[in-house]
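Below, each chain spelled out in residue letters.
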Amino acid sequence: MDVERSLTAAVFSGGLGLGAYHGGAFEALSAVAPSIDWVAGSSAGAITAALIAGSPSANRLQNLRLYWHAGGPSAGANDARHLFAWLSSINTRLFGHAGFFHPRLPVPASHFGGLYDLGPTRERLRRLIDFDRLNGGSPRITICATDLESGDAVLFDSASAPIEMDHILASCGFLPEFAPVQIAGRWLGDGGFSLNAPFDPVLETSAALRLYVIDLFARDGKVPDGLEAAAERKSDLTFGNQTFQRLGHALQARQLRAELQGLDRDDQVYLLSYRPGREEAGPEKSFDLSEAAMAQRWRAGFLDMQHAASVTAVRKGIRAVRR
């Protein structure tokens, strides 16, 4: 049998402000895998992937911290922190957040443009991302959006065509909060509507993989004990289960292809999931963009990625990381 070279890839899911978890995970990953061959993402994950691919290796962590506002200390879990998280989320809903988005007033009547304007995000990404570097191929980057008419996933890949700012913002078009973007005659919205963690093209490679899927929603968790917990659990299951089930089926298909092609591969696939504590704002946690929340999520991602090295149990080809 032929043995192919190994390829390291990181796939980042959507989840708005929870994306600081990506940064912490990438910081820990960089210490053990300084060379990343491929990054991919949807929505917030598309932003993280673009910041990595569009920054010099020495500046990647700095730019991730600058975007995710993750420079402050994390806060402990207590009732006051939980209340603050809710107030922060409500404030973001009402007034937006500096550097991310602001309310779109008035809402256009002729064509729906989203409740919030991502102009501040566009300007910050313009300063932080070198698009020539991003499209240079090292690492390769794939971004997912969703065709709002057909429902199909639409993948933009630096290996086949240049990725531009509109591709990133289209991937962030989570209706009704954020506007879709028209590209090549199609109205495109959030990648999470189709592939919240777009690992699919990565799994099509013939190379042996060390793949890290960094999800912002956990499929397994506690049985809810109240309305707030039930609403949060519903959201986590909707996205987290999508990722786990799709990944398991995709790995089975990949194994079958390898057997038919006579390939001998030793894939290692890790699934990390952000698991919020009781201090988070339940179903509104992704709108808490406070520095305390960002720092806490960054630290959780860092610790989870460090723990990944000790995970040996495999289910459906997946090493699920849970501290």
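Everything below is about the structure shown above.
It should be emphasised that the depicted structure is a prediction, and the values quoted were computed from it without experimental measurement.

This part takes up the side chain of His-22. The residue His-22 is located in helix H1 (residues 20-32) in this model. The class for His-22 is buried, based on a relative accessible area of 0%. Not counting the four nearest positions on each side in its chain, His-22 is found in contact with Phe-12, Ser-13, Ala-44, Gly-45, Thr-48, Ile-214 and Leu-216.

As enumerated under the stated definition, the model contains 15 salt bridges in all. Of the charged contacts in the structure, one is a salt bridge between Asp-157 and Arg-140, with a shortest N-O distance of 2.9 Å. In this pair, Asp-157 sits in strand S6 (residues 153-157) while Arg-140 sits in strand S5 (residues 140-147), placing the two residues 17 residues apart along the sequence. Residue Asp-157 is classed as buried on the basis of its relative accessible area, which comes to 10%. For Arg-297, the salt bridge goes to Glu-280, with nearest N and O atoms at 2.9 Å. On the criterion of sequence distance, the pair formed by Arg-297 in helix H10 (residues 291-308) and Glu-280 in the loop between strand S10 (268-273) and H10 is long-range, its members being 17 residues apart. As far as burial versus exposure is concerned, Arg-297 and Glu-280 are alike and both buried.

What follows deals with the nonpolar core. Proteins that are soluble and globular tend to have nonpolar side chains buried together. Ile-141 and Met-305 are the most contacted members of the largest nonpolar core, which totals 64 residues. It is helix H2 (residues 44-53) that contributes the most residues to this core, 8 residues altogether. Counting 20 residues, the second-largest nonpolar core is a separate cluster that includes Leu-7, Trp-38, Phe-199 and Leu-211.

Taken as a whole and judged by the stated rule, the model has 12 aromatic pairs. Ring centres 6.4 Å apart and planes at 50° place the aromatic pair Tyr-116 and Phe-287 in the tilted group. Note that Tyr-116 is positioned in strand S4 (residues 116-117) and Phe-287 in the loop between S10 and H10, a separation of 171 residues in sequence. Residue Tyr-116 is classed as buried on the basis of its relative accessible area of 6%. Aromatic side chains Phe-174 and Phe-193 sit 5.2 Å apart centroid to centroid with 25° between the ring planes, which places their arrangement in the stacked category. Residue Phe-174 is found in the loop between helix H7 (165-171) and strand S7 (181-183), and its partner Phe-193 is found in the loop between strand S8 (186-190) and helix H8 (200-203); the two are separated by 19 residues along the sequence.

Rules behind the numbers
Residues numbered from 1 in each chain as written. Predicted model: local features only at pLDDT ≥ 70, side-chain atom pairs only at ≥ 80, totals over all residues. Heavy atoms only, no water. Helix = DSSP H or I, 4+ residues; strand = E, 2+ residues; numbered from the N terminus. Buried < 20%, exposed > 50% of the residue type's maximum accessible area, 1.4 Å probe, protein only. Contact = heavy atoms within 4.5 Å. Salt bridge = Lys/Arg side-chain N within 4 Å of Asp/Glu carboxyl O. Core = buried A, V, L, I, M, F, W, Y, C linked by side-chain atoms within 4.5 Å. Phe/Tyr/Trp six-rings, centres within 6.5 Å; stacked < 30°, edge-to-face > 60°.

Note that all results are geometric; they support no functional claim without further evidence.
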